[in-house]
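# Structural characterization, general
Residue strings, one per chain:
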Amino acid sequence: MTTTPDTDPTTSAGLPAAPADGATTARAGAPAPRARRFWSVRRIPAALLAAVVLGAAGLLLYDVAAVRADRPAMSWRRRLAHALATRPLDDVVIVAGASVAVLLGLWLLVLALTPGLRDVLPMRREHTDVRAGLDREAAALILRDRVMEVSGVQSVRVRAGRTKVGVRAVSHFRALDEVRADVETVLAAGVDELGLARPPAPAVRVARPSRKEGKAK
């Protein structure tokens, strides 16, 4: 579980509000603070972009300084300038380069405008200055342990997503409808106990063990 403190709330006079019992809680009757997704730092894309920009800018600056010092420009810059001056706009190389630049720019915009951290599910905010998140794998493991307690369940696979929890259970005795009803009840209670801000909808499938599994046992 991930927790991060938010900025302390302030009063209308600009002074810090006094927390109650060590944490600032929402007032009675007031709407609960909205639980937003956690933003990814994205260190690797930022480091790659910074390295590319720094290298290209340094190389171009060195070449410009060399030209100012009455030295010939680098061959790659002369070829690039000649190609840009002579090639038409509908040339395949020009169109391909522009397409790559557009796709790269769109990818960077998506990274800048989306939160990321899809593996962290935001939890309900009981205190206005505390945020908490639960890892999807941990949530799936908790729900799997709860479903395994249902009578008749031999094995179960749980996949927790942001909007849906997929459960595939194998039952070796009892009627499948009864097992499915019990699994749905236990799963609904387990999802509610996780305290997620947006509880995912359950999707339950119950089946008999395959012949290979039966022979193996």
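Just above sits the structure.
Below you will find a few notes about this structure. (Residues numbered from 1 in each chain as written. Predicted model: local features only at pLDDT ≥ 70, side-chain atom pairs only at ≥ 80, totals over all residues. Heavy atoms only, no water.)

## Some words on the packing of helix 4 (residues 136-148) against helix 5 (residues 176-194)
One can describe the packing of helix 4 onto helix 5 by two numbers: an axis separation of 9 Å at closest approach and a directional angle of 145 degrees. Considering how the two elements wind past one another, helix 4 and helix 5 form a crossing that is right-handed. Here Ala139, Ile142, Leu143, Arg146 and Val147 of helix 4 come into contact with helix 5, specifically with Val183, Val186, Leu187, Ala189, Gly190, Val191, Glu193 and Leu194. For the contact of helix 4 with helix 5, the residue count by class is 10 nonpolar, one polar and two charged. (Axes fitted to C-alpha atoms, helices over the stretch in contact; angles between N-to-C directions. Helix = DSSP H or I, 4+ residues; strand = E, 2+ residues; numbered from the N terminus. Left-handed = near helix turned anticlockwise from the far one by under 90°. Contact = heavy atoms within 4.5 Å. Nonpolar A, V, L, I, M, F, W, Y, C, P; charged D, E, K, R; others polar.)

## With respect to the environment of Glu149
Mapped onto the secondary structure, Glu149 falls in the loop between helix 4 and strand 4 (153-160). A C-alpha to C-alpha distance of 8.8 Å links Glu149 and Val186, two positions 37 residues apart in sequence.

## Let's talk about the sheet that holds strand 6 (residues 201-207)
With respect to topology, three strands assemble into an open sheet ordered 4-5-6, the strand pairing being mixed. Two strands close off the open sheet at either side, each with one partner strand: strand 4 and strand 6. Across the sheet, the mean angle separating the axes of adjacent strands is 15 degrees when strand polarity is ignored. For strand 5 (residues 164-171) and strand 6, the ladder comprises seven bridges, and the chain directions are parallel. Across the sheet, residue Gly166 finds its bridge partner in strand 6, namely Ala203. Contacting strand 4 and strand 5, helix 4 crosses the sheet at an angle of about 155 degrees to strand 4. (Pairing = 2+ DSSP bridges.)

## Section: the nonpolar core
Ranked by internal contacts, the top residues of the largest apolar core, which has 24 residues, are Leu143, Val153, Val156, Val158, Val167, Val183 and Leu187. Every element with two or more residues in this core is listed here: strand 3 (130-135), helix 4, strand 4, strand 5, helix 5 and strand 6. Sorting elements by how many residues they give to this core places helix 5 first, with five residues. (Core = buried A, V, L, I, M, F, W, Y, C linked by side-chain atoms within 4.5 Å. Buried < 20%, exposed > 50% of the residue type's maximum accessible area, 1.4 Å probe, protein only.)

## Some details on a positive patch on the surface
On the surface, a cluster of positive charge is made up of Arg36, Arg118, Arg162 and Arg198. Mapped onto the secondary structure, Arg162 falls in the loop between strand 4 and strand 5. Among the residues examined, Arg162 registers a relative accessible area of 33% and is labelled partly exposed. (Patch = residues over 30% accessible without salt bridge, like charges linked within 9 Å, V, L, I, M, F, W, Y side chains within 5 Å. Areas by Shrake-Rupley, 256 points an atom, 1.4 Å probe, with all protein chains shown as cover. Salt bridge = Lys/Arg side-chain N within 4 Å of Asp/Glu carboxyl O. Lys, Arg positive; Asp, Glu negative; His and termini not counted. Charge placed at Lys NZ, Arg CZ, Asp CG, Glu CD.)

## Comments concerning helix 5
Residues separated by three or four positions in an α-helix point in the same direction, a consequence of the helix having 3.6 residues per turn. Between its first and last C-alpha atoms helix 5 spans 26 Å; for 19 residues at 1.5 Å apiece the expected length is 27 Å, and the two agree. Listing the buried residues of helix 5 in full gives Val179, Val183, Leu187, Gly190, Val191 and Leu194. Seen along its axis, helix 5 keeps its buried residues to an arc of 95 degrees; they face one direction. Turned more than 90 degrees away from the buried face of helix 5, the exposed residues are Asp177, Thr185 and Glu193. Looking at the buried positions of helix 5, the neighbouring elements they touch are strand 3, helix 4, strand 4, strand 5 and strand 6. After helix 5 finishes, the residue Gly195 shows a positive phi value of roughly 70 degrees. (Expected span 1.5 Å × (residues − 1). Arc of directions from axis to C-beta.)

## Thoughts on helix 1 (residues 43-68)
Across its 26 residues, helix 1 extends 37 Å between first and last C-alpha, which sits within 8% of the 38 Å expected from 1.5 Å per residue. Asp70 sits one or two residues past helix 1 and shows a positive phi near 65 degrees.

## Here we look at unusual backbone geometry
Most peptide bonds take the trans form, and the phi angle of most residues other than glycine is negative. Even without glycine at this site, Asp70 takes up a positive phi of about 65 degrees. Within the secondary structure layout, Asp70 lies in the loop between helix 1 and helix 2 (75-86). Phi at Arg174 is positive, roughly 75 degrees, even though this residue is not glycine. For Arg174, the position within the fold is in the loop between strand 5 and helix 5.

Scope: geometric values only; no functional claims are made or implied.
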